[in-house]
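Structural features, examined
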Amino acid sequence: MKIVHASTEEQEKHIEELIQQMYHEIFPIYFSDKMMEELETEFSFKLHETPNYHGTLKEAFQVMSSLQALIALFENVHKSEKHMEKYKDMYERNMDTLKRYGFKLPLTFEQFLASSTKENMFSRYLKPANKWII
């Protein structure tokens, strides 16, 4: 018999928030709306639909840490080109952690590098700056 600690509601909510941040703040910077539509069908990042995620404290912490590391990486990858090999290793390591729990992202690090950040960041996937339309 093995005793495990369950993740808290706050941790699972935070994981969902990080996933939404990837969808609405990170991916639209790199990809067109058409590519985003394809990612929605192929991208399996639904917390309760992953086969290997059981909701333990350790799993939640590892998923949160990997998502946070990927978000930080994507926000800063184009600012420093001298550390690309280190960034690629970080990407691979965190993606391996997510894949272990059943999350999948059908993109390689090279695809993020190849897609330049958009100058005019207008996308239906981007989080709006405010809720009011005048």
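**Notes on the overall build of the protein chain**
Each helix and strand counted, the protein chain has five helices and zero strands in total. In the protein chain, the succession of helices and strands from N to C terminus is α-α-α-α-α. Burial status across the protein chain gives 39% buried among its 134 residues. Partitioning the contacts of the protein chain with sequence separation of at least 6, the portion at a separation of at least 24 is 79%. In the form shown here, the protein chain has an accessible surface area of approximately 8900 Å², with 54% of it arising from carbon and sulfur atoms.

**Some points on the pattern of salt bridges**
Counted under the stated rule, the structure contains one salt bridge. A salt bridge links Lys-88 to Glu-110; its shortest N-O distance comes to 2.9 Å. Highlighted residues: Lys-88 in helix 4 (residues 84-100) and Glu-110 in helix 5 (residues 109-114), separated in sequence by 22 residues. Classification of Lys-88 by relative accessible area gives partly exposed; the value is 27%. Residue Glu-110 is classed as partly exposed on the basis of its relative accessible area, which comes to 38%.

**A look at helix 3 (residues 57-76)**
In this model, helix 3 (20 residues) spans 29 Å end to end at C-alpha, consistent with the 28 Å of a helix rising 1.5 Å per residue. Here the buried face of helix 3 lies against helix 1 (9-30), helix 4 and helix 5.

**Topic: the packing of aromatic side chains**
With the rule as written, the count across this model stands at four aromatic pairs. Judged by centre distance (6.2 Å) and plane angle (90°), the ring pair of Tyr-23 and Phe-27 falls under edge-to-face. Linking Tyr-23 with Phe-27, this pair stays in helix 1, spanning four residues, or about one helical turn. With respect to burial, Tyr-23 and Phe-27 carry one shared label: buried. Cluster of aromatic residues (ring-pair linked, three or more members): Tyr-30, Phe-74, Tyr-91 and Phe-109.

**Concerning helix 4**
Here helix 4 spans 24 Å end to end across 17 residues, near enough to the 24 Å set by a 1.5 Å rise per residue. For helix 4, the complete set of buried residues consists of Met-84, Tyr-87, Tyr-91, Asn-94, Met-95, Thr-97 and Leu-98. Seen along its axis, helix 4 keeps its buried residues to an arc of 155°; they face one direction. Among the exposed residues of helix 4, those oriented more than 90 degrees off its buried face are Glu-85, Lys-86 and Arg-93. Close packing links the buried residues of helix 4 with helix 3 and helix 5. Immediately beyond the C-terminal end of helix 4, within one or two residues, lies Gly-102, with a positive phi of roughly 95°.

Parameters and conventions
- Residues numbered from 1 in each chain as written.
- Predicted model: local features only at pLDDT ≥ 70, side-chain atom pairs only at ≥ 80, totals over all residues.
- Heavy atoms only, no water.
- Helix = DSSP H or I, 4+ residues; strand = E, 2+ residues; numbered from the N terminus.
- Buried < 20%, exposed > 50% of the residue type's maximum accessible area, 1.4 Å probe, protein only.
- Contact = heavy atoms within 4.5 Å.
- Areas by Shrake-Rupley, 256 points an atom, 1.4 Å probe, with all protein chains shown as cover.
- Salt bridge = Lys/Arg side-chain N within 4 Å of Asp/Glu carboxyl O.
- Expected span 1.5 Å × (residues − 1).
- Phe/Tyr/Trp six-rings, centres within 6.5 Å; stacked < 30°, edge-to-face > 60°.
- Arc of directions from axis to C-beta.

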